[in-house]
Each structure stands twice: as structure tokens, then as C-alpha cells.
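A structural walkthrough
In case you want the letters, here they are:
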Amino acid sequence: MTDILRPANADDTLEAVRGAAADAIRLEVVAGGSKRVIGRPCEVQAVLDVSGLAGIVAYEPEELVLTALPGTPMAELEAALAERRQHLAFEPADLRALLGTSEATPTLGGVVAANLSGPRRIKTGAARDHVLGMKLVTGRAEAVKTGGTVVKNVTGYELAKLLTGSWGTLAVMTEISVRALPAPEAIETVIVEGLTDEAAVALLTAAVGGTFEVSGAAHLPAAVNARGVAETCLRLEGIPLSVTARREALLAFVRGHGRARLLDGGESRLLWTAIRDITPFCGDGGQAVWRISVAPTEGPRAVAGIARRIPCQAYYDWSGGLVWLATDADGDAGAEVVRAAVGPHGHATLIRAPAAVRAAQAVFQPQPPALAALSRRVKEAFDPHGLLNPGRMAADA
Amino acid sequence: MPEPDKATLARRDEIVAAMRAIVPGEGVIVSDAELRAYESDGLTAYRQPPLVVVLPETTEQVSRILSYCHGNGVRVVPRGAGTSLSGGALPLADGILLGMAKFNRILDIDIPNRVVVAQPGVTNMAITQAVEHAGFYYAPDPSSQIACTIGGNVAENSGGVHCLKYGLTTNNVLGLEVVLVDGAVVRLGGKHLDAEGYDLIGVLTGSEGLLGVVTEVSVRILRRPETAKALLIGFAGNEAAGACVADIIGSGIIPAGMEMMDQLATNAAEDFIAAGYPRDAAAILIVELDGPEAEVDALVERVRALALSRQATTIRASADERERLAFWAGRKAAFPAVGRISPDYYVMDGTIPRHHLPAVLARISELSERHRLRVANVFHAGDGNLHPMILYDANAPGELERAEALGAEILKLCVEVGGVLTGEHGVGVEKRDLMPAQFSETDLKQQQRLKCAFDPASLLNPGKVFPTLHRCAELGRMHIHGGRMPHPELPRF
Ligand SMILES: Cc1cc2nc3c(=O)[nH]c(=O)nc-3n(C[C@H](O)[C@H](O)[C@H](O)COP(=O)(O)OP(=O)(O)OC[C@H]3O[C@@H](n4cnc5c(N)ncnc54)[C@H](O)[C@@H]3O)c2cc1C
């Protein structure tokens with residue numbers, strides 16, 4: 001049986017890691033647990049559950065900065081921001097339905113550890129672009145702070161960026177400061193129907209490169225769309241007057257590409273939440289799901305390459321640069337085919353698969369030797385004895 | 001700086017010969033007169049000619065140079081255009097100065113993917129110029145943009161007046177090719193929007209040449225907004241100006257740029273280029289709004305109303321592009337303008353939480369009196385990044401020292417109110433010894449462990465950023481004091 005350690009604050013966390021270091025006890029670091037099934041299964045002797053480190057420490061809307069403890073539920077955080085008409089612009093996904101972890105609670109710590117960024121990534125950046133500073137307990141059992149609580153700062157290395165997307169393998173975050181930005185007053189979506197993947201991505205990249213300030217650019221092929229037709233979706237956000245002006249311009253721009261229709265605010269929110277949360281693949285929990293990141297124009301080529309060799313379904317976000325792909329979960333879940341099709345200029349992560357597949361396959365993109373060696377040295381700089389989430393990102397790190 | 005290594009100095013001829021074998025022709029510079037051109041960067045108070053200057057042209061040459069240095073324990077200082085204001089490119093007497101100026105080609109312009117791939121010696125401005133024809137630009141715009149290189153921008157994580165809305169360099173870099181100190185070449189990211197594995201682009205950006213030599217950069221380019229308009233707003237006091245900045249952001253507007261200048265800076269600018277600034281205002285704000293025409297017009301009115309409610313003494317909105325540029329001209333010329341009213345000036349770069357602005361300004365003016373040196377203030381007000389300019393005369397005995405002492409006090413003040421030592425210029429040699437004001441010994445040691453992961457013998461740009469150099473072996477040791485794993489029978493935290 002694995003022990004569960006539940007620190008209530010940063011000091012407890014430090015003490016827990018210190019104890020683990022002294023006794024060479026490997027720890028699985030979790031908060032709400034909603035993304036626990038992503039990554040290689042770790043072999044650990046104890047669980048360090050930081051969900052007790054919860055709550056908003058400081059929120060100053062005029063400074064555009066919010067500081068919270070890692071276990072703060074996203075719902076609580078989003079509500080506090082909404083009250084001041086702000087939001088986390090990187091639009092992190094809620095992966096519970098996809099991963100079958102509906103009883104778990106997504107937290108700020110988990111979102112940052114996973115660098116989760118939604119459709120607005122193309123306009124406002126990823127989670128890593130919005131993390132300003134943090135406090136940590138490293139695998140060396142030391143309390144460290146990095147970054148700050150101001151929006152502009154280049155003092156010292158940006159360890160906070162390194163921690164964002166490190167899946168708990170370098171240090172335990174005990175406090176996080178993020179940028180809070182004004183939430184859009186209005187949202188609309190322009191949808192063009194019936195395009196092939198290639199035509200859709202060409203339209204998406206052209207529109208994103210226009211002056212329409214598109215904040216979401218996705219394509220749902222007919223096979224994955226509940227409505228049964230291919231839909232190419234472009235989101236506009238901002239003050240109402242501006243959205244109206246840009247919508248008219250965008251409608252004129254897409255004319256001739258296919259039948260266009262408009263979604264209002266309410267419908268738009270539902271659509272983009274579904275795109276963000278990978279709802280098209282939530283239904284069949286038996287399939288494996290890949291997250292593929294490539295240059296936007298390369299998305300359709302990668303998907304076609306995969307589809308030629310194995311059965312799969314896919315849809316596109318980030319104007320083609322983010323592909324969500326479902327494959328059969330047996331064997332290697334398509335790993336070899338997927339990675340061959342992606343090639344060296346992109347990467348693929350196996351976001352959902354049975355534990356046995358995740359144990360046998362590289363979940364994260366394997367790296368060339370020099371880079372893998374560098375990543376290992378970075379891991380050692382923070383966690384020399386491999387105490388924190390050992391093996392989660394790579395078998396040997 | 002670290003003591004020059006006598007053995008290395010004695011081996012100069014041998015090192016030069018090795019460099020000549022790697023970089024043929026004029027790419028290896030040894031004459032005293034020519035070395036002097038490289039003896040300092042934008043922080044001219046510090047000077048040191050390097051052992052030798054090497055100007056490679058290919059990644060392969062950089063790799064061979066570094067692997068030679070790695071094998072022979074020779075130190076290396078990378079350099080772009082040498083405009084760093086923190087002494088980041090200050091040479092070492094026993095070190096090779098690795099000039100990246102010949103890496104001056106744009107390799108790929110990819111409009112559909114909104115990416116430009118450039119060599120590191122390409123200037124910031126040249127990237128925008130390369131994509132202007134298609135209506136695009138590269139957003140981070142340091143005032144030095146016609147001279148500074150994209151490699152230097154990456155190393156310093158440079159900003160500009162538009163970074164409140166569009167981010168610093170780090171938010172606009174998608175890929176890097178980097179040569180590690182042992183000569184290994186790694187490629188990070190590319191044209192896709194998120195790099196795999198640990199965010200090494202995130203730590204390399206802003207690493208001030210201490211982690212690796214950047215040999216290729218992929219940046220995100222943006223479509224030029226349909227319109228941009230600026231407001232010029234004057235206030236009778238700093239408090240009102242500061243409050244107006246907070247009001248604008250609090251009301252949900254993120255301007256493309258929001259700059260503040262105090263009376264001394266305003267008048268210096270006015271004397272220099274007659275931008276039309278109100279000379280009697282205690283502080284002026286320049287607020288730029290960009291985007292679709294309808295939106296910009298609406299926001300201009302919102303900002304105007306907010307300014308009125310803070311008793312602005314002047315409010316002018318640019319009627320056309322000429323006037324918008326005129327509003328900016330004074331701000332952009334602020335440094336040279338101040339240069340005209342003082343033999344020398346020293347630019348600071350702290351960031352503070354914005355609501356402390358009036359209090360910090362009041363303290364700066366007290367400090368200025370105490371040190372008997374004038375201070376002109378310009379800020380990136382939107383993000384709380386201050387650029388106090390300390391006016392001094394290097395020829396007057398003791399003034400440089402007083403200017404530095406005053407500067408250090410201003411930066412400590414920034415940290416005291418919850419801010420940081422540098423918002424965009426970097427630590428370099430300049431703020432190195434102030435790092436303990438912001439970071440504990442443990443914090444700094446962890447940063448150095450990251451340095452060790454990249455450069456265990458500390459050959460890349462040593463003497464910058466960190467006040468104390470620890471040996472990597474010593475940093476690697478792990479001491480666990482007390483704290484055994486709590487017994488299972490005891491209650492958990
Ligand atoms: C008048 C003036 C105005 C300025 N305005 C601004 C401003 O508005 N905003 C701002 O942020 N900065 C500003 N700066 C500071 C400076 O221009 C920036 O820091 C710039 O990015 C430095 O670029 P550079 O090419 O001159 O680099 P250098 O000064 O040559 O080098 C800077 C650092 O980068 C390292 N480096 C350079 N190239 C590489 C490479 N290829 N690989 C690894 N390391 C490398 C060097 O070792 C050094 O540590 C200003 C400077 C001046 C003189």
C-alpha cells in the first residue's frame with residue numbers, strides 16, 4: 001500500500017520531500033488528480049497530494065496578477081476572475097470527460113504542470129506565457145522562489161517556464177502567480193461548412209493571418225462532428241462593436257469557400273468548450289487519443305499519412321497546428337505510425353491510453369540523444385535522486 | 001569578473017591558431033586596435049578588450065569553436081550587436097569574444113504559418129522589414145531595434161513599448177537552434193506552437209549567453225493591426241497619471257502601448273524634437289490603441305473619459321498617422337534627448353507593481369536629492385517597468401560612483417515594493433551584485449544548478465548574472481538535514 005502525504009502548506013511540503021529524500025522514497029505528486037492518467041505510470045512508494053494547498057493568496061485585477069496555491073480548484077479561480085471580468089487567457093482544458101476522471105478536481109497546479117492551453121493559444125499564448133512566478137520545493141528538498149508577481153521581469157533564469165509543462169518531475173509547486181487578463185465582452189463564431197481538411201486549414205491559416213483577430217481556429221471533419229458535416233470554425237472575441245465589424249469582414253472573406261453560418265455567444269461558448277475539452281473523443285473511452293503538434297499547414301498531411309496506415313479519426317485546432325487523433329488502443333496505439341507521420345518537425349503525445357500501453361510506449365515524444373541528455377541533466381539539477389514523478393515523462397528520467 | 005587565467009593568457013597564440021583553423025580569413029581578429037572595437041557594449045562604463053574575437057559564419061564552426069573551448073578550458077562570451085545595457089557582452093581578458101554578426105541571413109519567411117526563421121545576427125528591425133510587404137511585423141520592439149540582433153534579443157528576453165499587449169521576446173519565439181558548450185547542436189521547437197519536453201526555449205530566452213550559443217531563431221510574426229491611434233494625456237501630478245493607468249487597465253483595456261514620462265524627460269524631449277508635449281504637465285501618458293477601426297475609435301473615447309475623470313490637463317487623440325508618430329517621436333527620442341542635457345546618463349530598468357508608482361516616484365525624487373543627481377523618468381507604465389535615467393558627468397570625480405549608488409538604491413526600492421531588478425535589460429554585470437536583494441542564496445544556487453546542467457565548467461559568459469560562482473560539483477551535493485519520513489502510525493499533515 002502506498003502512503004498518502006497530505007501537506008497543508010509549503011512548510012509541510014518541504015518537510016515531506018525532505019523525509020522522502022532521506023529515506024529514498026519516490027513520490028507521485030498529485031493535486032486534484034484529474035490528469036493523473038497522463039504519462040508513463042510511475043513506480044512510487046508514496047503519494048504527495050498537494051490539494052490541501054488551496055486558495056487564492058492575492059488577486060489584484062488592476063495589476064493583472066493573481067497568486068494562488070497549487071491545489072486551488074480551477075472552478076474557484078475562474079469564478080473569482082469572472083467576478084472582475086477577467087480570465088486566464090490561455091483557456092486551459094478540462095480533461096475529466098476525456099480521461100474518465102469525472103470525480104476529480106482540476107486545479108491550478110495541474111494546469112500549470114501540464115502547460116494546458118486551449119484554442120486561444122494562437123492569439124494569446126500558452127499557459128507558459130502567463131505564468132509569472134512560483135514557489136517550489138525541489139527534489140533536493142529545498143524551498144526556492146523564481147520569477148515574481150509583476151508582468152514584466154527578466155531577472156534570472158525563468159525557472160517558472162521550465163516548471164510549466166514539467167508534469168511534476170522537477171519540483172513541487174507550492175505557490176503560483178499567473179497573469180489575469182480582461183475577459184472578452186462578446187463572442188461570435190463564423191462557421192464554413194463542407195471543406196476538406198486541406199481546404200479548411202488553408203482557410204484557417206489565411207484568416208488567422210488576416211486583420212480579423214481570430215481567437216480560435218478549428219476544423220471538425222464530418223466524421224468527428226456530431227452534426228455530420230465538416231465545419232471550419234473561426235472565433236471572434238472583443239468588445240461588441242469590434243466583433244460585429246470583424247464578423248462582417250470575415251464573412252466577406254470566407255464567401256466563396258463554402259456555406260457560412262454564424263453562432264452567437266452562447267452557442268460559441270459551447271462549441272469552443274467542446275473543442276478545448278476534446279469532446280469529440282470523449283464518447284468512446286476505449287480508443288487511444290493522441291495530441292499532435294506540428295506547423296499549422298502540416299496538420300492535414302500528418303493526418304493523411306497516419307490514415308493511410310491505420311484506422312483513425314482526427315480534428316484540428318490552432319489553425320491546423322494542433323491535431324487531436326483517436327486510434328485503436330491495442331498494440332502500440334499507433335505510436336510508430338503516428339510518430340513517423342509527424343516526422344522531426346513536431347511531436348506527438350499519447351494523452352489517453354490504457355496503463356499497459358503507456359508503460360510500454362513512449363508517451364511523450366522521444367528526443368534525439370543530445371537533447372535527451374540535456375533534459376536528463378536538467379532533471380538532475382532539480383531532482384538528483386529521481387524522487388518526483390519518476391519516469392513519468394521518459395523511462396530513464 | 002573572474003580572475004583571468006594566466007595559463008590561458010600565455011596560450012594565446014595557440015588558441016588563435018586553433019581558431020584560424022576553424023574560421024578562415026578575416027573571421028579571427030587579434031590586433032589591439034581592432035579588439036578595442038569590441039571592448040564594451042551599451043554599458044560603456046565597463047571596458048575590457050577580449051583575448052581574441054572570432055566571427056564564425058556557420059553552426060558547424062560555432063560547434064567546433066565551442067568544442068575546442070570545452071576541451072581546452074577556454075572561456076567564451078557571445079556577442080550580437082553589443083547594445084546590451086547591462087554589460088552582458090562585456091568581454092573577458094582571457095576569453096574568446098564570439099561575434100555572431102555574420103549570421104545575418106533570414107532563412108525562411110513562412111506567411112501561412114506566421115513564422116520567420118532567422119540567423120541570430122539579423123537585426124530585430126530586419127525581421128519586420130522582411131515581412132512588411134505582406135502586412136506583417138515582428139512585435140517586440142526594443143528602442144534599439146535598428147541595431148540589436150534577434151540573437152541578443154533572445155539572450156536578453158528583450159521587450160519594447162508594445163510588450164504589454166504582445167509580450168516580450170519569450171512570448172514570440174517558437175524555435176531555437178542552440179550549440180551547447182561541448183559542441184552538441186540541439187534544435188528546440190520550430191514552427192509548431194509548443195516545444196516538446198521541458199521548456200528549454202523558456203530558460204534559454206533571457207539566459208544572457210550563459211547557457212548556449214543561439215545559431216537560429218524561429219519567431220512568430222503578426223499581422224499589422226488595421227489601425228493604431230495614440231492619445232497624449234497630460235496631468236498635474238504623478239498620482240493622477242498613475243491612477244489613470246490603473247483605471248485604464250482596470251476597465252478591461254489592454255493598450256498596445258502605455259508610456260509615461262515625467263516633467264524633466266518631457267521637457268528634454270520637447271527641447272530636442274518639439275513633439276508638441278505639454279511642458280507644464282508633471283507627467284504625460286502616451287496611450288496607443290490598435291486593432292479594427294471601430295474598436296480603436298471606441299476605446300479612444302473610453303480612455304478619454306477615464307483621463308477626464310482624473311483631471312487630465314491635456315488630452316489629444318492623434319488625428320492621423322503623422323500625429324501618432326509625432327506623439328511617439330518624443331518618447332522614442334527620450335534617451336538621446338536626456339543625453340543632450342547631461343554629459344552622461346545611466347538607465348535603470350526595475351519593474352514594480354503599478355499601484356506603487358506614485359510612491360516610488362516620490363522616493364526616487366528624495367533619493368535624487370540626497371545623491372545630488374538629477375533623475376529623468378520614463379516608464380513602460382502599462383507593465384510597471386521603470387526607466388529612471390540618472391544624469392551624471394563621468395569626468396566629475398565621484399559622480400559615476402554616486403550614480404551607481406543611486407541606481408542600486410532605486411533597484412532595491414523596486415524589490416522592496418514587490419517588484420524586480422530588471423524588466424527587460426537583463427542582469428549582466430551591472431545588477432549581478434544586487435541579485436541577493438531579490439533572491440535568497442538557495443534561489444540563486446538553484447538557478448546555478450540549471451547553469452551547471454548546460455555548462456558544468458562555467459565557460460560560457462562567466463562573471464555575469466550570478467554574484468557568487470559556485471563550483472558545479474559543490475552545488476550538486478545534496479545535504480538532507482533531519483526530517484525522516486514521518487512514521488505511518490502518526491497523523492498525516
Ligand atoms: C539606445 C538603446 C535602447 C534600448 N532599448 C531597449 C528596449 O527598449 N528594450 C529592451 O529590452 N532593450 C533595450 N536595449 C538593450 C539592448 O538593445 C537589448 O538587450 C538587445 O537585445 C541586445 O541585443 P544585441 O544584439 O546588441 O546583444 P549584445 O549586447 O551583443 O549581447 C547581449 C547578450 O546576449 C548574448 N548574446 C548575443 N548573441 C547571442 C547568441 N547568438 N547566442 C547566445 N547569446 C548571445 C551576449 O552574450 C550578451 O549576454 C536598448 C539598448 C540601447 C543601446
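Criteria and cut-off values
Residues numbered from 1 in each chain as written. Chains lettered and ligands numbered in written order. Predicted model: local features only at pLDDT ≥ 70, side-chain atom pairs only at ≥ 80, totals over all residues. Heavy atoms only, no water. Helix = DSSP H or I, 4+ residues; strand = E, 2+ residues; numbered from the N terminus. Rg over C-alpha atoms; globule rule 2.2 N^0.38 Å. Buried < 20%, exposed > 50% of the residue type's maximum accessible area, 1.4 Å probe, protein only. Contact = heavy atoms within 4.5 Å. Areas by Shrake-Rupley, 256 points an atom, 1.4 Å probe, with all protein chains shown as cover. Lys, Arg positive; Asp, Glu negative; His and termini not counted. Charge placed at Lys NZ, Arg CZ, Asp CG, Glu CD. Pairing = 2+ DSSP bridges. Axes fitted to C-alpha atoms, helices over the stretch in contact; angles between N-to-C directions. pLDDT = per-residue confidence, 0-100. Near = heavy atom within 4 Å. Polar contact = N/O pair within 3.5 Å; in protein donor to acceptor, adjacent residues only side chain to side chain. Disulfide = S-S within 2.5 Å. Domains from an automatic or database assignment. Buried area = accessible area lost by both parts, 1.4 Å probe. Salt bridge = Lys/Arg side-chain N within 4 Å of Asp/Glu carboxyl O. Parallel < 35°, antiparallel > 145°, perpendicular 65-115°, else oblique. Left-handed = near helix turned anticlockwise from the far one by under 90°. Nonpolar A, V, L, I, M, F, W, Y, C, P; charged D, E, K, R; others polar. Expected span 1.5 Å × (residues − 1).

To continue, consider the overall build of chain B. Within chain B, the secondary structure is distributed over 18 helices and 18 strands. Computed over C-alpha atoms, the radius of gyration of chain B comes to 24 Å, within 12% of the 23 Å expected from 2.2 N^0.38 for 493 residues, which places it in the range of a compact globule. With respect to the three principal axes, the spread of C-alpha positions in chain B is 65 × 65 × 65 Å. Buried residues in chain B amount to 62% of all 493 residues. For chain B, contacts bridging at least 24 residues in sequence account for 71% of all contacts bridging at least 6. Of the roughly 17,400 Å² of accessible surface on chain B, 51% is carried by carbon and sulfur atoms. Of note, chain B has its 46 positive side-chain charges centred 2 Å away from the centre of its 60 negative side-chain charges.

The strands making up a sheet associate through hydrogen bonds between their backbones, and the pairing can be parallel or antiparallel. Residues and elements named next belong to chain B. Spatial strand order, β1-β2-β4-β3: four strands in an open sheet with mixed pairing. Looking at the sheet topology across the chains shown, the edges are occupied by β1 (28-29) and β3 (75-79). Docked against the sheet, helix α4 (residues 59-72) engages β2 (52-54), β3 and β4 (95-99), running at close to 170° with respect to β4.

So, about the confidence of the model for chain B. All names here are of chain B. Scored by pLDDT, chain B has a mean of 94; 97% of the residues are at 70 or more. Within the model, pLDDT remains below 50 along residues 486-493, and this stretch shows 13 contacts once partners closer than five positions in the same chain are excluded. Reported confidence for the predicted complex is 0.97 by ipTM and 0.96 by pTM.

So, about the site of the ligand. All names here are of chain B. Neighbouring the ligand are 32 residues; P78, G80, T83, S144 and T149 lie closest to it. Contact between the ligand and G82: an oxygen atom at 2.7 Å from a main-chain N or O atom of the residue. In the model, an oxygen atom of the ligand is placed 3.4 Å from a nitrogen or oxygen of the N461 side chain. When isolated, the ligand has an accessible area of 980 Å², and the protein chains bury 93% of it. Mapped by element, the contributors of at least two residues to the shell around the ligand are β3, α6 (150-156) and β10 (213-220).

For the rest of this paragraph, the subject is the state of the cysteines. In protein structure, a disulfide is the covalent linkage between the sulfur atoms of two cysteines. According to the stated counting rule, one finds one disulfide over all chains in the structure shown. Disulfide partner of C452 of chain B: C472 of chain B, at an S-S distance of 2.0 Å. Between C452 of chain B and C472 of chain B the disulfide shows an S-S torsion of about -90°. By sign, it is left-handed. Placement of C452 of chain B in helix α17 (residues 441-454) and of C472 of chain B in helix α18 (residues 472-476) is noted, with a sequence separation of 20 residues between them. Both residues of the pair, C452 of chain B and C472 of chain B, belong to the buried class. Here C233 of chain A stays free of any disulfide, with the sulfur of C282 of chain A as its closest cysteine sulfur at 16 Å. Here C69 of chain B is not cross-linked by a disulfide; its sulfur's nearest cysteine counterpart is in C472 of chain B, at 17 Å. We classify C69 of chain B as buried; its relative accessible area is 1%.

Residues and elements named next belong to chain B. Ordered in space as β5-β6-β10-β8-β9, the five strands form an open sheet in which the pairing is antiparallel. Of all the strands in the sheet, just β5 (106-110) and β9 (185-189) have a single pairing partner and so form its edges. This sheet shows a mean twist of 10° between the axes of neighbouring strands, independent of strand direction. Relative to β5, helix α5 (residues 124-131) is tilted by about 45°, and along the sheet it contacts β5, β6 (115-118) and β10.

Here we come to the domain arrangement of chain A. All names here are of chain A. What the domain assignment reports for chain A is domain 1 (1-183 + 367-397), domain 2 (186-276) and domain 3 (279-366). On a C-alpha basis, the centroid separation for the pair domain 1 and domain 3 is 25 Å. Counting residues at the interface gives 18 residues for domain 1 and 16 residues for domain 3. Taking both sides of the interface into account, the surface hidden between domain 1 and domain 3 amounts to around 1,500 Å²; carbon and sulfur atoms contribute 67%. The largest share of the area that domain 1 buries against domain 3 comes from P41, L98 and Q367, three residues that together contribute 33% of it. Applying the counting criterion to the domain 1 and domain 3 interface returns zero salt bridges. Between domain 1 and domain 3 we count five residue pairs in polar contact (both at pLDDT 80 or more) in total. Elements with a contribution of two residues or more to the side of domain 1 that touches domain 3: α3 (96-99) and α5 (121-124). The element that contributes the greatest number of residues to the side of domain 1 that touches domain 3 is α3, accounting for three residues.

Our next topic: the pattern of salt bridges. Counting across every chain of the model gives 52 salt bridges over all chains. Across the pair E248 of chain A and R247 of chain A runs a salt bridge, and its minimum N-O distance is 2.7 Å.

All names here are of chain B. Taken N-terminus to C-terminus, the directions of helix α2 (residues 12-22) and α4 make an angle of 155°; their axes are 10 Å apart at the nearest point. When the axes of α2 and α4 are compared, the pair comes out roughly antiparallel. Note that α2 runs across α4; the crossing there is right-handed. In this structure, α2 uses E14, I15, A18, M19, A21 and I22 to contact α4, whose residues at the interface are Q61, R64, I65 and Y68. Across the contact of α2 with α4, the residue classes break down as seven nonpolar, one polar and two charged.

Further remarks concern the pairing of β3 of chain B. Note on strand geometry: in a regular strand, side chains alternate between the two faces of the sheet. All names here are of chain B. The buried count for β3 comes to five of five residues, which makes it a mostly enclosed element. A two-sided burial pattern is seen for β3, the buried positions comprising R75, V77 and R79 on one face and V76 and P78 on the other. Note: β3 against β4, five bridges, orientation parallel. Pairing of R79 across the sheet is with G99, part of β4.

Let us now look at α17 of chain B. Residues and elements named next belong to chain B. With 14 residues, α17 extends 20 Å between its outermost C-alpha atoms, agreeing within 8% with the 20 Å of an ideal straight helix rising 1.5 Å per residue. Among the 14 residues that make up α17, 11 are buried, leaving the element largely enclosed by the rest of the structure. Within α17, the full set of buried residues consists of D443, L444, Q446, Q447, Q448, R449, L450, K451, C452, A453 and F454.

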